[in-house]
2 protein chains.
Amino acid sequence: MEYIIGTQAVSTRDIVYRSLKNQILLLELPPGTSISEKEISLKFNVSRTPVRESFVRLAQEGLLDVYPQRGTVVSLIDSGLVEEARFMREHLERAVMREACSSFQAKHLIDLKANLDKQRLCIEDQDYKEMFMLDEEFHHLIFTGCSKKNTWEVVQQIKVHLNRSRMLKLTADHNWEHLYQQHYCLYEAIQTHDVSQGDHMMQEHMALTIADQEMLMEKYPQYYK
Amino acid sequence: MEYIIGTQAVSTRDIVYRSLKNQILLLELPPGTSISEKEISLKFNVSRTPVRESFVRLAQEGLLDVYPQRGTVVSLIDSGLVEEARFMREHLERAVMREACSSFQAKHLIDLKANLDKQRLCIEDQDYKEMFMLDEEFHHLIFTGCSKKNTWEVVQQIKVHLNRSRMLKLTADHNWEHLYQQHYCLYEAIQTHDVSQGDHMMQEHMALTIADQEMLMEKYPQYYK
DNA sequence: ACTACCATACTACCATACAAGTATGGTAGT
DNA sequence: ACTACCATACTTGTATGGTAGTATGGTAGT
């Protein structure tokens, strides 16, 4: 029996993988937590095989550290890696933004405007959960609008290392109005093909996501290495 | 019994993984080749388990396509992905280069110069295999010299998608002298803290690695999708 | 000759058993 | 009281058998 979502079959392995990844990124499995294949297999009521294969994937992404014959732990947050992830993301987003200001497909510009309008509504309705989704989608649209789908995927992968820090920060202090203003400026830069303005705005925009690592490391030393 | 290289234990899985990855990148397993867990396990005289776990890793890196209950094939080269990989690599290398021109640790500058001197020797000796290694090491030193070790790892991962195309090109047409000149200019830019010159030189340097995708796709259509 | 069907031989997926290394707590000897 | 040792209960690594879905080639029926 196969459950199909889109064109992707959902295997037991994928279910375990996605669930574990979610729990790690949401800090429900905090950095440093010891987990074993057997423990997880019992929790999901499956055998060790799909669990092991999930471990292999998560270890490759740097979210698990597997010590043969000793155990497996949720990886501690590597502050150096977080800083470099921020660095990589900034420069890739800016490079894509400059590309977008040079050439952007018209139909995607419409989608971008539609997304902005929805953001406007979300702020009025104070629906910040939806606003979070729209923020993600806004950036995604910029990537797809200038044919950088794979680059988006890489950025997503890189962002994994930022997410746990951002989660620690409990980002309730977002200034959504400011966020919207920046998004609007980015949109205008693309529309008017103003490369230097677009680059400048994206640089400012990226600066928003800087989490104060040192403060976090002091507050949660057990989560960092 | 454990064989230790450095601090890394070598498991059967790692042996299989590295061997398969090598064969794929060297095109000994050409794009489109069907392989099965059983076939590989027989070839390496191991069980299917470590082979499967290698497949999981290689699939995650985009080198294998696994179709449940149908089979596994070495992935076809995705020309769009190759182009974006080139895009990402260029912008990350340039960003790191600008950083290097701003601040570079003195001891690493010495290593960089030593590497250059070795390149000089290799060209005189026409030792192009060693020269290839030194080229890689030169770029690696730039990354480590401004504390961008993790960024180097990401670039290496991205470059996987460029390597098969470069292998097809059978890069015997390298102009090593020109390569050396460019490396020397990069070194000078770092030494003199000339950011704009460094950025410009790296942009030129990256342009060298552009493989003519369209020509390759015409010549080897069966390897592309 | 052509088509529909089915047996068979694949495939990857999952469960389970065993192997080998490691941490731990108790016990015997000093 | 303290130390060295060892049984035991963990851990991940590997091998293997069974399951379910899929491709394929032969065969019976038209």
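Everything numeric in this text was worked out from a predicted model, so none of it was measured. (Residues numbered from 1 in each chain as written. Chains lettered and ligands numbered in written order. Predicted model: local features only at pLDDT ≥ 70, side-chain atom pairs only at ≥ 80, totals over all residues. Heavy atoms only, no water.)

**Some thoughts on the relation of the copies chain A and chain B**
The operation relating chain A to chain B is a screw motion whose rotation component is 180°, with 0.0 Å of axial translation and a residual RMSD of 0.1 Å. Taken together, the turn and the small shift mark the pair as related by a two-fold rotation axis. Of all interface residues in chain A, 100% are interface residues in chain B too; the two copies therefore contact each other through one and the same surface. (Least-squares fit on C-alpha atoms with pLDDT ≥ 70 in both. Contact = heavy atoms within 4.5 Å.)

**Notes on the pattern of salt bridges**
Any two side chains of opposite charge can pair if their charged atoms end up close together. Counted according to the given criterion, the structure contains 35 salt bridges over all chains. Across the pair Lys148(A) and Glu99(A) runs a salt bridge whose closest N-O atoms are separated by 3.4 Å. With a gap of 49 residues between them, Lys148(A) in the loop between α6 (128–145) and α7 (149–168) and Glu99(A) in helix α4 (residues 79–102) connect regions that are remote in the sequence. Between Glu136(B) and Lys159(B) there is a salt bridge whose closest N-O contact spans 2.7 Å. One end of the pair, Glu136(B), is in helix α6 (residues 128–145); the other, Lys159(B), is in helix α7 (residues 149–168), and 23 residues separate them in sequence. (Salt bridge = Lys/Arg side-chain N within 4 Å of Asp/Glu carboxyl O. Helix = DSSP H or I, 4+ residues; strand = E, 2+ residues; numbered from the N terminus.)

**What about the interface of chain A and chain B?**
Each partner contributes to the interface: chain A provides 27 residues, whereas chain B provides 27 residues. Summing both sides of the interface, chain A and chain B together bury roughly 2,400 Å²; the carbon and sulfur share of this comes to 58%. It is Gln60(A), Glu84(A) and Phe87(A) that lose the most area in chain A upon contact with chain B, and together they represent 25% of the buried surface on that side. Put simply, Glu53(B) and Arg52(A) hold a salt bridge, and the shortest N to O gap is 2.8 Å. Element by element, the count of residues in the side of chain A that touches chain B is highest for α4(A), at 11 residues. For the side of chain A that touches chain B, the per-class residue count stands at 9 nonpolar, 7 polar and 11 charged. (Buried area = accessible area lost by both parts, 1.4 Å probe. Nonpolar A, V, L, I, M, F, W, Y, C, P; charged D, E, K, R; others polar.)

**Structural notes on helix α1 (residues 12–25) of chain A**
All names here are of chain A. Between the first and last C-alpha of α1 there are 20 Å, a value that for 14 residues agrees with the 20 Å anticipated at 1.5 Å per step. Of the positions making up α1, those classed as buried are Asp14, Val16, Tyr17, Leu20, Lys21, Gln23, Ile24 and Leu25. Within two residues after α1, Leu27 carries a phi angle of roughly 65°, on the positive side. (Expected span 1.5 Å × (residues − 1). Buried < 20%, exposed > 50% of the residue type's maximum accessible area, 1.4 Å probe, protein only.)

**With respect to the packing of α6(A) against helix α8 (residues 176–191) of chain A**
Residues and elements named next belong to chain A. Packing of α6 against α8 brings their axes to within 12 Å, and their N-to-C directions diverge by 20°. Classified by the angle between their axes, α6 and α8 sit roughly parallel to one another. Crossing handedness for the pair α6 and α8: left-handed. Where α6 approaches α8, its residues Tyr128, Met131, Phe132, Asp135, Phe138, His139 and Ile142 are matched on the opposing element by Trp176, Leu179, His183, Leu186, Tyr187 and Ile190. Tallied by class, residues from the contact of α6 with α8 come to 10 nonpolar, 2 polar and 1 charged. (Axes fitted to C-alpha atoms, helices over the stretch in contact; angles between N-to-C directions. Parallel < 35°, antiparallel > 145°, perpendicular 65-115°, else oblique. Left-handed = near helix turned anticlockwise from the far one by under 90°.)

**A few points about empty space enclosed by the protein**
Residue and element names in this part refer to chain A. One pass over the structure, following the stated rule, counts 1 cavity of 30 Å³ or more. If you add up the space inside the largest cavity, you get close to 40 Å³. Taken together, Arg86, Arg89, Glu90, Leu162, Met206 and Thr209 form the lining of the largest cavity. Among the elements that take part in the lining of the largest cavity, α4 stands out by supplying 3 residues, more than any other. Of the residues in the lining of the largest cavity, the class split is 2 nonpolar, 1 polar and 3 charged. (1 Å grid on protein atoms, 1.4 Å probe; cavity = no way out; pocket = protein on both sides within 12 Å on 5 of 7 lines; lining within 4 Å. Points joined across faces, edges and corners; volume = space filled by probe spheres on them.)

**With respect to the sheet that holds strand β4 (residues 64–67) of chain A**
Spatially, 3 strands are ordered β3-β5-β4 (chain A) in an open sheet, and the strand pairing comes out antiparallel. Only two strands of the sheet have a single neighbouring strand rather than two, namely β3 (34–35) and β4 of chain A. (Pairing = 2+ DSSP bridges.)

**Focus: the pairing of strand β4 (residues 64–67) of chain B**
Consecutive side chains of a regular strand alternate in pointing toward one face of the sheet and then the other. Residues and elements named next belong to chain B. In this sheet, strand β5 (residues 71–74) lies alongside β4 in antiparallel orientation, the contact comprising 4 bridges. Residue pairing across strands places Tyr67 opposite Gly71, the latter belonging to β5. Between the end of β4 and the start of β5, which pair antiparallel, lie 3 residues, with Gln69 showing a positive phi angle near 65°.

**Structural notes on the side chain of Glu37(A)**
Residue and element names in this part refer to chain A. Secondary-structure assignment places Glu37 in helix α2 (residues 37–44). Residue classification places Glu37 among the buried residues on the basis of a relative accessible area of 16%. Those residues within four positions of Glu37 in sequence are excluded, and the remaining contacts are Arg48, Val51, Arg52 and Phe55.

**Some details on the UniProt feature "domain: HTH gntR-type" (unreviewed entry) in chain A**
Here, the residues flagged by UniProt with the feature "domain: HTH gntR-type" (unreviewed entry) are residues 10–77 of chain A. As a span, residues 10–77 of chain A carries 51% helix and 15% strand, and end to end its C-alpha atoms are 30 Å apart. (UniProt positions renumbered as here; feature names shortened; annotations may be inferred.)

**Quick look at the nonpolar core**
Nonpolar side chains in soluble globular proteins generally cluster together in the buried interior. Leu112(A), Ile142(A), Ile190(A), Leu112(B), Ile142(B) and Ile190(B) are the most contacted members of the largest nonpolar core, which has 89 residues in total. When sequence neighbours within four positions are dropped, the list of residues in contact with Ile190(A) reads Met97(A), Ala100(A), Cys101(A), Phe104(A), Leu109(A), Leu112(A) and Ile142(A). (Core = buried A, V, L, I, M, F, W, Y, C linked by side-chain atoms within 4.5 Å.)

**Overview of the domain arrangement of chain A**
Residue and element names in this part refer to chain A. With domains assigned, chain A is organised as domain 1 (4–74) and domain 2 (79–217). Placing a centre on the C-alpha atoms of domain 1 and another on those of domain 2 gives a separation of 29 Å. Between domain 1 and domain 2, the contact holds 9 residues from the first and 7 residues from the second. Across the interface of domain 1 and domain 2, roughly 730 Å² is buried in total on both sides, 66% from carbon and sulfur atoms. Ranking the residues of domain 1 by area buried against domain 2 places Leu25, Leu27 and Glu61 at the top, with a combined share of 60%. At the surface where domain 1 touches domain 2, the tally comes to 0 salt bridges. On the surface where domain 1 and domain 2 come into contact, there are 1 residue pair in polar contact (both at pLDDT 80 or more). Here the residues of the side of domain 1 that touches domain 2 sort into 7 nonpolar, no polar and 2 charged. (Domains from an automatic or database assignment. Polar contact = N/O pair within 3.5 Å; in protein donor to acceptor, adjacent residues only side chain to side chain.)

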